[in-house]
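Listed here are the chains, written in short residue letters.
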Amino acid sequence: MSSGVLRRQYTIPGDDLTAAGEASSSVKKLLVQLGVDPVAIKKTAIAMYEAEINAVIHANGGAADVFISKDSITIVIKDKGPGIADVNLALQEGYSTASDKIREMGFGAGMGLPNMKRYADELDIKTEVGKGTIVTLKVYF
Amino acid sequence: MKIIDIAKILNAEVLVETEEIQKEVYSICGSDLMSDVMAYVKENVVLLTGLVSPQVIRTAEMMDIKAVVFVRGKKLPPAVIDLAREKSVIVMSTNETMFTACGKLYSSGITGRGG
Ligand SMILES: Nc1ncnc2c1ncn2[C@@H]1O[C@H](COP(=O)(O)OP(=O)(O)OP(=O)(O)O)[C@@H](O)[C@H]1O
Ligand SMILES: [Mg+2]
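So, how was this worked out
Residues numbered from 1 in each chain as written. Chains lettered and ligands numbered in written order. Predicted model: local features only at pLDDT ≥ 70, side-chain atom pairs only at ≥ 80, totals over all residues. Heavy atoms only, no water. Helix = DSSP H or I, 4+ residues; strand = E, 2+ residues; numbered from the N terminus. Rg over C-alpha atoms; globule rule 2.2 N^0.38 Å. Buried < 20%, exposed > 50% of the residue type's maximum accessible area, 1.4 Å probe, protein only. Contact = heavy atoms within 4.5 Å. Areas by Shrake-Rupley, 256 points an atom, 1.4 Å probe, with all protein chains shown as cover. Lys, Arg positive; Asp, Glu negative; His and termini not counted. Charge placed at Lys NZ, Arg CZ, Asp CG, Glu CD. Pairing = 2+ DSSP bridges. Axes fitted to C-alpha atoms, helices over the stretch in contact; angles between N-to-C directions. Near = heavy atom within 4 Å. Polar contact = N/O pair within 3.5 Å; in protein donor to acceptor, adjacent residues only side chain to side chain. 1 Å grid on protein atoms, 1.4 Å probe; cavity = no way out; pocket = protein on both sides within 12 Å on 5 of 7 lines; lining within 4 Å. Sits in = over half its atoms within 2 Å of the grid points.

## Observations concerning the overall build of chain B
Looking only at helices and strands, chain B has five helices and five strands in total. Seen in sequence order, chain B has helices and strands lined up from the N terminus as α-β-β-α-β-α-β-α-β-α. Its C-alpha atoms give chain B a radius of gyration of 12 Å, within 12% of the compact-globule value 13 Å for 115 residues. In terms of overall dimensions, chain B has a C-alpha envelope of 35 × 25 × 25 Å along the principal axes. Burial analysis of chain B (115 residues in total) assigns 52% to the buried set. The long-range share in chain B, meaning contacts at least 24 apart out of those at least 6 apart in sequence, stands at 49%. On chain B, roughly 5,100 Å² of surface is accessible, and the fraction owed to carbon and sulfur atoms is 50%. The average position of the 13 basic charges and that of the 14 acidic charges among the side chains of chain B differ by 4 Å.

## Some points on the sheet that holds strand β2 (residues 27-30) of chain B
Residue and element names in this part refer to chain B. Overall, mixed pairing links the five strands, which are arranged β1-β5-β4-β3-β2 in an open sheet. Of all strands in the sheet, those with a lone pairing partner are β1 (13-16) and β2, marking the two edges. Sheet twist, expressed as the mean angle between neighbouring strand axes with direction ignored, is 25°. Bridging between strand β3 (residues 45-49) and strand β4 (residues 67-70) involves four bridges; their strand directions are parallel. Looking across to β4, one finds that valine 46 is bridged to alanine 67. Sheet strands in contact with helix α3 (residues 54-63) are β3, β4 and β5 (90-93), and its direction is about 150° off that of β4. Most of the contacts of helix α4 (residues 78-87) go to β1, to which it runs at about 70°, and overall it touches β1, β4 and β5.

## A word on the site of ligand 1
Near ligand 1 lie 22 residues; those nearest to it are His58, Ser96, Thr97, Gly108 and Met111 of chain A. Residues within reach of ligand 1 are spread across chains A and B. One nitrogen or oxygen atom from the side chain of asparagine 54 of chain A is found 2.8 Å from an oxygen atom belonging to ligand 1. Contacts to ligand 1 include methionine 111 of chain A, whose backbone N or O atom sits 2.7 Å from an oxygen atom. When ligand 1 sits alone it has 600 Å² of accessible area, and the protein chains cover 96% of it. Assessed atom by atom at 2 Å from the grid points, ligand 1 resides in the largest pocket. Elements with a contribution of two residues or more to the shell around ligand 1: α2 (38-59) and α5 (112-119) of chain A.

Now the structure itself:
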């Protein structure tokens, strides 16, 4: 990439729910250090955290690629999970395939993707059943 | 109302304390579903939950929620307390149920309006 873009990469472990959220936490910290507007930081943190949690609970982990420029942040979260058969359905508030075990951990409201849509300025989902999912989030500062 | 006043009203034990305990709060969010919490956009919020999980602390961190009250006197695993310390999130535990805790706080003047 051209100069002026800060890049960070994170692994998202699939087997450790205590660690789930560490990547989002690191990015949040970094944005605070960079002096980014607090509203943009909160939007980024929530959207990325939802995507990170989805990669953990629905896809057994993955990786996050983060690009920060002067005026925006782009986050690409990739997993090799089961994919999403019907993205439009999955984007509806309340739609969730979460198991009882996941619900006991406080997830499964079916609000994660709607929250990403609400808080990110741009959201793109590429997914293939049996292959995996790539969620790209962009927030402008 | 200050966060410290919430501890008094709910007769809650403060397990992790930061200087934010003297800060004003205008609203309470009571939920066991973290994505519902994240759909709730208000400032100066305290989270009440019956869910005991490190992800409660993570959610508070992302949302800039300064304090979490665990209801029904649940035992908190060290992992939750440690993470809260690391992320500077105030943690309290009360024996009240969610319903009673919310009721007490509402009737004490935290109505979620004008904040
Ligand atoms: N990375 C992913 N891989 C496979 N399926 C996914 C992925 N992300 C989302 N899904 C599917 O889309 C559904 C809706 O996702 P969403 O994040 O909105 O809700 P949830 O994760 O089930 O619950 P919540 O986010 O409210 O805790 C999920 O239940 C799951 O079926
Ligand atoms: Mg989700």
